[in-house]
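Observations on the model geometry
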Amino acid sequence: MWQGQRVSVVFPAYNEQDGIAAAVADFSRIDAVDEVLVVNNNSRDDTAARADAAGARVIDEPRQGYGYALRRGLAEAQGEYVVLAEPDGTFMGKDVLKLLAYSDDFDLVLGTRTTRELIWHGANMGWQLRWGNWIVAKLLQVLFGGPSLSDCGCTLRLVRRAAVERMLPRFTVGGSHFLPEMVCLALLEGLRLVEVPVNYRDRVGQSKITGSPGTAVRVGGHMIGVILRYRAFGR
Ligand SMILES: Nc1nc2c(ncn2[C@@H]2O[C@H](COP(=O)(O)OP(=O)(O)OP(=O)(O)O)[C@@H](O)[C@H]2O)c(=O)[nH]1
Ligand SMILES: [Mg+2]
């Protein structure tokens, strides 16, 4: 609980058997966290069983995609505060407290992984990815006159329940470029947003999105497409 309100953590998971148990344990040990929800996205490995054994609530999302998994988690989470994260060891449970510290004053608290001091040795955040994330975030910031943004692709973020309810019916993206859609919608809905620096570590298990440069560039292109679409048409 955080100030008398329940806190949910949502992990989208596609074949994350190597890191899932440690991630569930790392986030569950934070006193403020009331439930950890694992959205199992057609994993063919032992992800679901290991998440369950570690004490998470496991839900199956059959539509394949990072965005579909996160949208399902947002819909199913029971807390007043919903924290999105990843179960691959890249994020730290203790950083939930940084997000909560701002949750009084903001509807969305976004993590940023581009703070050099918090990028751990071995983390997949070389200069190309760091600058790529920064540039797309700045594009969004400038086009929407939004608050200072420095990372367009950080899963670790907190959303208040009321904000979730306003955005859920408007989501359209099911794939890996879901995060900027969430920010565009939040700004169009007039929600209050802030970014805070979070730790970013090396991954456990196999990368699915930004591990390969080709995929990273493709996802970046889709992100820019979504941002331009929302700027032009508002939907
Ligand atoms: N790519 C992908 N990820 C999914 C899917 N469904 C759930 N996920 C989860 O979404 C999260 C993001 O994928 P990652 O492979 O970690 O991508 P990334 O964070 O950009 O890059 P790395 O952590 O460096 O590998 C992980 O927790 C995945 O398990 C899906 O259909 N595709
Ligand atoms: Mg990851």
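Residues numbered from 1 in each chain as written. Chains lettered and ligands numbered in written order. Predicted model: local features only at pLDDT ≥ 70, side-chain atom pairs only at ≥ 80, totals over all residues. Heavy atoms only, no water.

What follows deals with the environment of Val136. Here Val136 is to be found in helix α5 (residues 127-144). For the pair Val136 and Asp151, spaced 15 residues apart in sequence, the C-alpha separation works out to 7.6 Å. (Helix = DSSP H or I, 4+ residues; strand = E, 2+ residues; numbered from the N terminus.)

Moving on, we come to the coordination of the magnesium ion (ligand 2). When a metal carries six donors in an octahedron, the ideal angles between them are 90 or 180 degrees, while four donors in a tetrahedron ideally lie at 109.5 degrees. Surrounding the magnesium ion (ligand 2) are the protein donor atoms Glu86 (OE) and Asp88 (OD), at 1.9 to 2.1 Å. With respect to class, Glu86 is no different from Asp88; both count as buried. (Donors = N, O, S within 2.8 Å, 3.2 Å for Na, K, Ca; no water. Buried < 20%, exposed > 50% of the residue type's maximum accessible area, 1.4 Å probe, protein only.)

Another point: the packing of helix α7 (residues 178-188) against helix α8 (residues 213-233). α8 packs onto α7 with a crossing angle of 20 degrees between their chain directions and a minimal axis gap of 9 Å. Regarding the angle of α7 to α8, the classification is roughly parallel. Seen along the crossing, α7 lies across α8 with a hand that is right-handed. Across from Pro180, Glu181, Cys184, Leu185 and Leu188 in α7, the residues of α8 making contact are Met223, Val226, Ile227, Arg229 and Tyr230. Residues that form the contact of α7 with α8 fall into these classes: 8 nonpolar, no polar and 2 charged. (Axes fitted to C-alpha atoms, helices over the stretch in contact; angles between N-to-C directions. Parallel < 35°, antiparallel > 145°, perpendicular 65-115°, else oblique. Left-handed = near helix turned anticlockwise from the far one by under 90°. Contact = heavy atoms within 4.5 Å. Nonpolar A, V, L, I, M, F, W, Y, C, P; charged D, E, K, R; others polar.)

An order of β3-β2-β1-β4-β6-β5-β7 is seen for the 7 strands of this open sheet, with the pairing classed as mixed. Among the strands making up the open sheet, the edge pair consists of β3 (57-60) and β7 (193-197). On average, each strand axis in the sheet is inclined to that of its neighbour by 25 degrees, with strand direction left out of account. Bridging between strand β5 (residues 108-112) and β7 involves 5 bridges; their strand directions are parallel. Following the sheet pairing, Leu110 is matched in β7 by Glu195. Packing of helix α1 (residues 20-28) onto the sheet brings it into contact with β1 (7-13) and β2 (35-40), and relative to β1 it is tilted by some 165 degrees. Sitting on the sheet, helix α3 (residues 66-76) is in contact with β1, β2, β3, β4 (81-84) and β6 (157-160), with an inclination near 145 degrees to β2. (Pairing = 2+ DSSP bridges.)

What follows covers the site of ligand 1. Not every one of the 18 residues close to ligand 1 is listed here, only the nearest: Glu16, Asn41, Gln64, Arg203 and Ser207. Tyr14 is positioned such that a nitrogen or oxygen atom in its backbone is 2.8 Å from an oxygen atom of ligand 1. Taking Gly65, its main chain carries an N or O atom lying 3.0 Å from an oxygen atom of ligand 1. Considered on its own, ligand 1 offers 620 Å² of accessible surface; in the complex 94% of this is hidden by protein. (Near = heavy atom within 4 Å. Polar contact = N/O pair within 3.5 Å; in protein donor to acceptor, adjacent residues only side chain to side chain. Areas by Shrake-Rupley, 256 points an atom, 1.4 Å probe, with all protein chains shown as cover.)

A separate point is the pattern of salt bridges. Tallied over the full model, the rule gives 17 salt bridges. Of the charged contacts, one joins Arg160 and Glu80 as a salt bridge, the two residues approaching to 4.0 Å between their closest N and O atoms. Within this pair, whereas Arg160 is found in strand β6, its partner Glu80 is found in the loop between α3 and β4, the two being separated by 80 residues in sequence. Its salt-bridge partner being Arg113, residue Asp151 comes within 2.7 Å of it at the nearest N-O pair. Within this pair, whereas Asp151 is found in the loop between α5 and β6, its partner Arg113 is found in the loop between β5 and α5, the two being separated by 38 residues in sequence. Residue Asp151 shares its accessibility class with Arg113, and that shared class is buried. (Salt bridge = Lys/Arg side-chain N within 4 Å of Asp/Glu carboxyl O.)

Glancing now at the nonpolar core. Judged by nonpolar contacts, the single largest core of 40 residues is most densely connected at Leu74, Leu108, Met167, Phe178 and Met182. With 8 residues, α7 is the single largest residue contributor to this core. (Core = buried A, V, L, I, M, F, W, Y, C linked by side-chain atoms within 4.5 Å.)

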